[in-house]
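Architecture at a glance
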Amino acid sequence: MNSCSKAILKPSKDVVPLSTWILISKLKVEYMLTRGADGSFNRNLAEFHDRKASASLAPHDGVASMDVTIDRSSGLWSRIFLPAIAYAQEEQENRDDKVPIIFYFHGGSYAHSSANTALYDMVCRQLCRTCRAVVISVNYRRAPEHRCPAAYRDGLAALRWLRLQAARHVAATWLPPGADLSRCFLAGDSSGGNMVHHVGVAAATARHELWPVRVVGHVLLMPMFGGVERTASERRLDGQYFVTVKDRDYYWKLFLPEGADRDHPACNVFGPGSAAERVLGEIPVPKSLVVVAGLDLTQDWQLRYARGMERSGKSVEVLVLEDTPVGFFIFPNTEQYYRVMDKIRGFVRDEEEPMDSSTWRDSSLARQVLPSLCGCFPWIDLLCRKENKNTT
């Protein structure tokens, strides 16, 4: 597709519900407040703005969760989400219905958010419930305190941890019956989507030492890629929908190794002089689902990534969501959100056609989640209540 259609751009308020527009705008302001004029990053302020959610072994909406330490030396931990239905007696008797495992890497441009951020706790709960899968949300180390490749190493360490759990016969004490270590998926949005590629390649390279843990699919949601070149979509959409080119440049500078530019392979996988196509052609990287938001200024880089993987002989499915900006995936009140959830479920469950979302979608989800997110912001709580009335 031509990612830079000449159609007149819609105002940002017209492409998402008003409450979502305000919440994304609020995140934008909070992100900007953490950035110093000298290029520094205020971690304390970022944490102050980041609303957290606690884990709970008592199932909530069919999902239980717990926090586990993976590596004490680095402080690496994960939040694990478990589908309560998989523990039901009738499910235990039906061992043919295997329970897949999804490793999730949250977004935040490598600097913001965490596995216990309320927004990502909600996203992972929904993935767990929708896909009827175990979800392991990895709390990887963030920039600028920990630059590339720290996050990639943490992602691979999470896979190795699960392998060790299985080798020590510990995994069976917390995994649901039917959990299938040979059907693991890597998923993530924004910077987490970038992690999916790099951790996935490392996992494919180290596949023999990871056995019986086996990664069989990648889900890259609006993955964060880039390069030194300014693409057509970057020029056209710069500052139009919540994000500017300057924003992206800032976070790449925080994350990449000192002195590296945006053609570093962490950012530009198939950059100038890259041997990635040849090298990847020799590595058994599994199938990928790449979701592209049609109003994301980095969409050209995402589509280039998909084409590069195809040239390397990999199976890639691309879903382009027209008239969709960044940030939509963490708010459950748009049709695009449910469309993507349906698509992920079909991809993970290996179904030809995803199930009708009405069988799992709680029509009150947005009414439950948005007010809880807005509760500490009275100035938009009224908007949330107004939208909820319109959806009933």
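Here's a quick rundown of the structure. (Residues numbered from 1 in each chain as written. Predicted model: local features only at pLDDT ≥ 70, side-chain atom pairs only at ≥ 80, totals over all residues. Heavy atoms only, no water.)

Brief notes about the side chain of E30
As for its position among the elements, E30 is in helix α1 (residues 18-33). In terms of polar contacts, E30 uses its side chain to reach the side chain of K26, at 2.4 Å. (Helix = DSSP H or I, 4+ residues; strand = E, 2+ residues; numbered from the N terminus. Polar contact = N/O pair within 3.5 Å; in protein donor to acceptor, adjacent residues only side chain to side chain.)

Topic: helix α12 (residues 335-349)
In this model, α12 (15 residues) spans 21 Å end to end at C-alpha, consistent with the 21 Å of a helix rising 1.5 Å per residue. For α12, a buried count of 12 out of 15 residues is recorded, marking the element as mostly surrounded by other parts of the structure. Along α12, the residues classified as buried are Q336, Y337, Y338, V340, M341, D342, I344, R345, G346, F347, V348 and R349. Just past α12, the residue D350 takes up positive phi, approximately 60 degrees. (Expected span 1.5 Å × (residues − 1). Buried < 20%, exposed > 50% of the residue type's maximum accessible area, 1.4 Å probe, protein only.)

Considerations on the packing of aromatic side chains
Overall, the coordinates contain 15 aromatic pairs when judged by the stated rule. Considering the side-chain rings of Y31 and Y251, the 6.4 Å spacing of their centres and the 70 degrees angle between planes classify their relative orientation as edge-to-face. A residue pair is termed long-range when its members are at least 10 positions apart, and Y31 in helix α1 and Y251 in helix α9 (residues 245-255) qualify at 220 residues. With a relative accessible area of 22%, Y31 lands in the partly exposed category. Taken together, a centroid distance of 6.4 Å and an interplanar angle of 40 degrees make the contact between Y104 and Y120 tilted. With Y104 in strand β3 (residues 99-105) and Y120 in helix α4 (residues 118-131), this residue pair connects regions lying 16 residues apart in the sequence. Here the aromatic residues Y110, Y140, Y152, W252 and F255 are joined through ring pairs into a cluster of three or more. Over the ring of Y250 we find R35, and its NZ or CZ is 4.6 Å from the ring centre. (Phe/Tyr/Trp six-rings, centres within 6.5 Å; stacked < 30°, edge-to-face > 60°. Lys NZ or Arg CZ within 6 Å of the ring centre and 35° of its normal.)

Considerations on the sheet that holds strand β4 (residues 134-139)
With mixed pairing, the 8 strands of this open sheet are ordered in space as β1-β2-β4-β3-β5-β6-β7-β8. Edge strands, defined here as strands with exactly one partner in the open sheet, are β1 (63-71) and β8 (316-321). Mean inter-strand twist for the sheet, computed between neighbouring axes without regard to direction, equals 20 degrees. Where strand β6 (residues 215-221) meets strand β7 (residues 287-293), 5 bridges bridge the pair, whose relative direction is parallel. Directly across from L220, in β7, lies its bridge partner V290. Seen against the sheet, helix α11 (residues 299-311) touches β6, β7 and β8 and runs at an angle of roughly 160 degrees to β7. (Pairing = 2+ DSSP bridges. Axes fitted to C-alpha atoms, helices over the stretch in contact; angles between N-to-C directions. Contact = heavy atoms within 4.5 Å.)

What about the packing of α4 against α12?
Contact geometry for α4 and α12: axes closest at 9 Å, N-to-C directions at 50 degrees. The pairing of α4 with α12 is recorded here as oblique in orientation. By crossing handedness, the relation of α4 to α12 is classed as right-handed. Two secondary-structure elements touch here, α4 through M122, V123, Q126, L127, T130 and C131 and α12 through Y337, Y338, M341, I344, R345, V348 and R349. Residues belonging to the contact of α4 with α12 are distributed by class as follows: 9 nonpolar, 2 polar and 2 charged. (Parallel < 35°, antiparallel > 145°, perpendicular 65-115°, else oblique. Left-handed = near helix turned anticlockwise from the far one by under 90°. Nonpolar A, V, L, I, M, F, W, Y, C, P; charged D, E, K, R; others polar.)

Observations concerning the environment of G346
Inspection of the secondary structure assignment puts G346 in helix α12. Separated by 216 residues in the primary sequence, G346 and T130 have C-alpha atoms spaced 9.9 Å apart.

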